[in-house]
Every structure is written in C-alpha cells, then in structure tokens.
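What follows is the residue order along each chain.
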Amino acid sequence: MDLFEYSLSDQLRKDAPLAARMRPRTLDELVGQEHIVGPGRLLRRAIEADRLGSIILWGPPGTGKTSLASVIANTTESAFEAMSAVTAGVKELRQVIAAARNRRVMRGLRTILLVDEIHHFTKTQQDALLPHVEEGLITLIGITTENPYFEVIGALVSRSRVFRLEPLSDEETALILERALSDAERGLADSGAELDQEALAHVVRVAGGDARIALNALELAVETTDPDDDGVLRITLEIAEDSIQRRALLYDKDGDAHYDTISAFIKSLRGSDPDAALYWLAKMIYAGEDPRFIARRMIIVASEDIGNADPQALTLATSAAQALEWVGLPEAQYNLAQAAIYLATAPKSNSTGAYFKALADVEEEGLVEVPDHLKDSSRDRKALGHGEGYLYPHDHPHHFVRQQYLPDRIQGRRYYEPSDEGYEKKIRERLEAWRRQDAEG
C-alpha cells in the first residue's frame, strides 16, 4: 500500500458511520450475546484458540453478527476473506477458492471466508461453496437475518454450527451509546456532546435491541445540534425524538417474522385473549403486512376455532374482509380490530374439524354407492327405482324422520360432536334428541 492509498484508507475510516467506527475489535469490547461468547462458552474458546470451525451467525439486524466476524478477523492468524452474497457471484467465489488453495499449498495457511447475507446466495452458489467447506479448505462464517434451516442448503448447515444472536437488552444498547460518547479515538467524545437520560431512554427504547439504529440516531443528533448558550452540545429528549422517530420492525413477509407473528395472532384469537390479538394485529399492520392476508386468516379462524359455537363469527369476519376492500387502510383498521376482538371473545369450538374425519373415510373407502332412496329421482326413478322410499322430512312432526343417510358400509358412523359452548350447546341438545329418536326406532 503506497502513501496515497494509506491516506485514503485512513480518511475512509474516519469518515465511516459511527456504527462502523465503533465496531468492537476484541471479544472484551463486544457487548451482548453472552450466551454464545461469554466466558467459557464454546464459540469464545474457539475464537481465542484460533481453532474456529465453520459457523453461521443468525439473528436480527444490529445484534453484533458483523461485529463478531470483525473480532474473529482481528484475532485469527488465518487469512480472512469477506464477500457479500448480494453482489458476489460464482466467479468471485472461484477466485477466493483459488487464492485459498494457493495459500494452503504455498504457506500452509488456512482461509476464513465471511459471506454476508448468505441467504442471498442461490442454491448453485451454495453448492459451489460446499465441497471446499467439506474438505476444510475454507472455514465459513455465514451471516444471515433469515432462518438458515430454511434459507441455507442442508449440507452447508450440517457442516456448520449455527449460533443464534438475540436482540440487545436496553442496558446493553445504553452501554454501547455511552461508549460512543466517551470514545475520543473512534467515537464522539471530541464533540463534547451530552445525552440527557430521557433522550438516552428514548433512543434505547425505539432502537429495539438494534445497536446500529441506536448509533445512527445518536450520530444524527450530534451532527445536527448546535451547542447551547453555555457551549454544551446537549441532546435533549426533543432532539432524540426527531433523530429516531419510528421503530424499524424486523418483518420480512416471506421470513420467520411473518410466520411467527401471524401464528401468535391466531393463537391469541384461539386462546380468547383480545389484548394480545390486538397487539399482534397492530404489529402486522405497522410493519406493512398485507391486510387481506390478515382478513383471510380471521375468516379461517371463524370456522376452524369458533364454528357454530357462534355462527355470527364467520359473518363478522367476512364482513370485515369486505369492509377492507371497500374502505381500505388506514380506516379499515377499525373493521379488522372489531373482527379480531369479536373472534377472541367468542365461545370456541373446533368441531367443524369433523369434516376431516369424514374426508379420511372417503379416502379410505374409495367408491361408495349412494343408497337408492337418496339418489336423484328426476331421471331414473321408473327404470331403476332411484329415489323410491325416500321420506320427506317436512311431511313429519318437527320436520324430522328417521331414515338412512350414510352409505351402507359406514352406516352409524359419527363425525360431528358439537361442543357445550355458545350456540353449539343448543345444536348439541337438538342433535341428541334426534339421535335418541333415531335409536328408539
């Protein structure tokens, strides 16, 4: 590196965002993730001994995945290569592999390859990497915000240890901000900025465990604030609120957050907790979830988990879906919330699942003949006797008459067992009376 290149590199480091400048250089500087890098933990021991095997670091943004990789790069004696799966292709991968092989042959040096956003690698790219990880030529560090068990090929996952990073606690986020304010080499100490406790608490709360968001907000606040009359650059709550106004939710519509949140919403409806249902509904709407998807799920819940315990539930859920089409967001939030509250507080029954018992019999029994008296009499009554012997229920007391409706092979089979909840209790009483009459002949 010549003098000009060194000067440029040094300037780029100084001009880098605060979050990049404050990236930890050692394990002791790393904040959080004690469950994987705390004293005595396997990953910490492997890093300190420079005996790291292939790993995948999985977790939300701003939790320290790249920081941990940076610590490894500063600690290892191995060659360290890095690439982004967003921009790199098979060509770049082959170049890295060729260089790694040359180092191993010529110098006996191992190569650690960091692949950021590894879930963006296609299956072909992951397959191209696999044999080199398998033979030990490459030690892989994969970084991903997505569930690697779904987004990374199984063969790579099986040859790596997966470490799950968790969102930082409020105390950990606050510590990172305080370090940035007191660090004169890489942080903001030279600015003389002071952060009010209310401002600190607000940034920490809205950042939601994402250190990058917190540091970016702090940097913006410092850069856009003038010293007060006493010459102090004071970051007040008002300034902090302007610098970080909206929590950025981790919510990929095709990822874990999507499936986990809708699961929590449905289970809250099923569990009769309207407060939790409203919370998860609000989270999905806030994060930009398709409201039609939410409405469809509520329509399903209305039949699957409530059914005839409250027949009005299906009507209200479909009405909310229709209202969404007519009104749209944001006003339709009222309609979706009304439906969610109604479904959560309605009596519950899963007896409509009886259909799947009947379906299982259909699949098992195969082709089953319809009893003659139930067949259509408009075409073959004279020739084949179809419909003969059918008893018309409305011609009998209480509009009920005992007769066979199931095929001969499964006559007497019971599928539907109404619950004792809500309106279905009345259905149960009525059905039991019919069945008693049927049994008495």
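Everything quoted here is computed from the prediction, not taken from an experiment.

Trainee: Describe the nonpolar core, listing the residues and the values that go with them.
Mentor: Grouped together as the largest cluster of nonpolar side chains are 30 residues, with contacts concentrated most on L177, L215 and L218. Counting residues per element, the ones that place at least two in this core are α2 (18-21), α10 (170-182), β6 (193-195), α11 (197-207), α12 (211-223) and β7 (233-235). Take this core: its biggest share by element is seven residues, from α12. With residues near it in sequence (within four places) discarded, L177 still touches L200, V203, V204, A214, L215 and L218. The next biggest cluster of nonpolar side chains, apart from the first, holds 28 residues, and it includes M284, F293, A320 and A339.

Trainee: If you had to explain the packing of aromatic side chains to someone new, which residues and values would you point to?
Mentor: Applying the stated criterion to the full structure yields three aromatic pairs. Between Y279 and W280, the aromatic rings sit 4.9 Å apart at their centres with planes inclined by 80°, giving edge-to-face as the arrangement. Looking at Y279, the relative accessible area reads 51%, which means it is exposed. Judged by its relative accessible area of 24%, W280 is partly exposed. Between the aromatic rings of Y355 and F356, the centroid separation amounts to 4.9 Å while the plane-to-plane angle is 80°, which identifies the pairing as edge-to-face. By relative accessible area, F356 is classed as exposed at 56%. Just above the ring of W58 sits the side chain of R164; from NZ or CZ to the centre is 4.5 Å.

Trainee: Please give an account of the confidence of the model for the chain that cites residues and values.
Mentor: Per-residue confidence for the chain averages 85 on the pLDDT scale, and 92% of its residues sit at or above 70. Between residues 1-12, whose pLDDT stays under 50, and residues either more than four places distant or in other chains, the model counts two contacts.

Trainee: Kindly report on the pattern of salt bridges, identifying the contributing residues and their values.
Mentor: Counting across every chain of the model gives 18 salt bridges. E185 serves as the salt-bridge partner of R25, at 3.7 Å between the closest nitrogen and oxygen. You can see R25 sitting in the loop between α2 and α3 (34-37) and its partner E185 sitting in the loop between α10 and β6, a full 160 residues away along the chain. You can call R25 partly exposed: its relative accessible area is 34%. Classification of E185 as exposed rests on a relative accessible area of 63%. For E135, the salt bridge goes to R101, with nearest N and O atoms at 3.0 Å. With E135 in the loop between α7 (123-134) and β4 (138-144) and R101 in helix α6 (residues 90-107), this pair connects stretches of sequence that are 34 residues apart.

Trainee: Residue-level account of the pairing of strand β2 (residues 79-84), with values.
Mentor: Looking at chain direction, β2 and strand β3 (residues 111-116) are connected through six bridges and run parallel. From the neighbouring strand, A79 faces β3, where its bridge partner is T111. For the crossover that starts at β2, traverses α6 and ends in the parallel β3, the hand is right-handed.

Trainee: Account for the environment of D260, with residues named and values stated.
Mentor: Here D260 lies in helix α14 (residues 256-270). For D260, a relative accessible area of 52% puts it in the exposed group. Between the alpha carbons of D260 and V96 there is a distance of 37 Å; along the sequence they are 164 residues apart.

Thresholds applied
Residues numbered from 1 in each chain as written. Predicted model: local features only at pLDDT ≥ 70, side-chain atom pairs only at ≥ 80, totals over all residues. Heavy atoms only, no water. Core = buried A, V, L, I, M, F, W, Y, C linked by side-chain atoms within 4.5 Å. Buried < 20%, exposed > 50% of the residue type's maximum accessible area, 1.4 Å probe, protein only. Helix = DSSP H or I, 4+ residues; strand = E, 2+ residues; numbered from the N terminus. Contact = heavy atoms within 4.5 Å. Phe/Tyr/Trp six-rings, centres within 6.5 Å; stacked < 30°, edge-to-face > 60°. Lys NZ or Arg CZ within 6 Å of the ring centre and 35° of its normal. pLDDT = per-residue confidence, 0-100. Salt bridge = Lys/Arg side-chain N within 4 Å of Asp/Glu carboxyl O. Pairing = 2+ DSSP bridges. Right-handed = clockwise from strand over helix to strand, strands pointing away.

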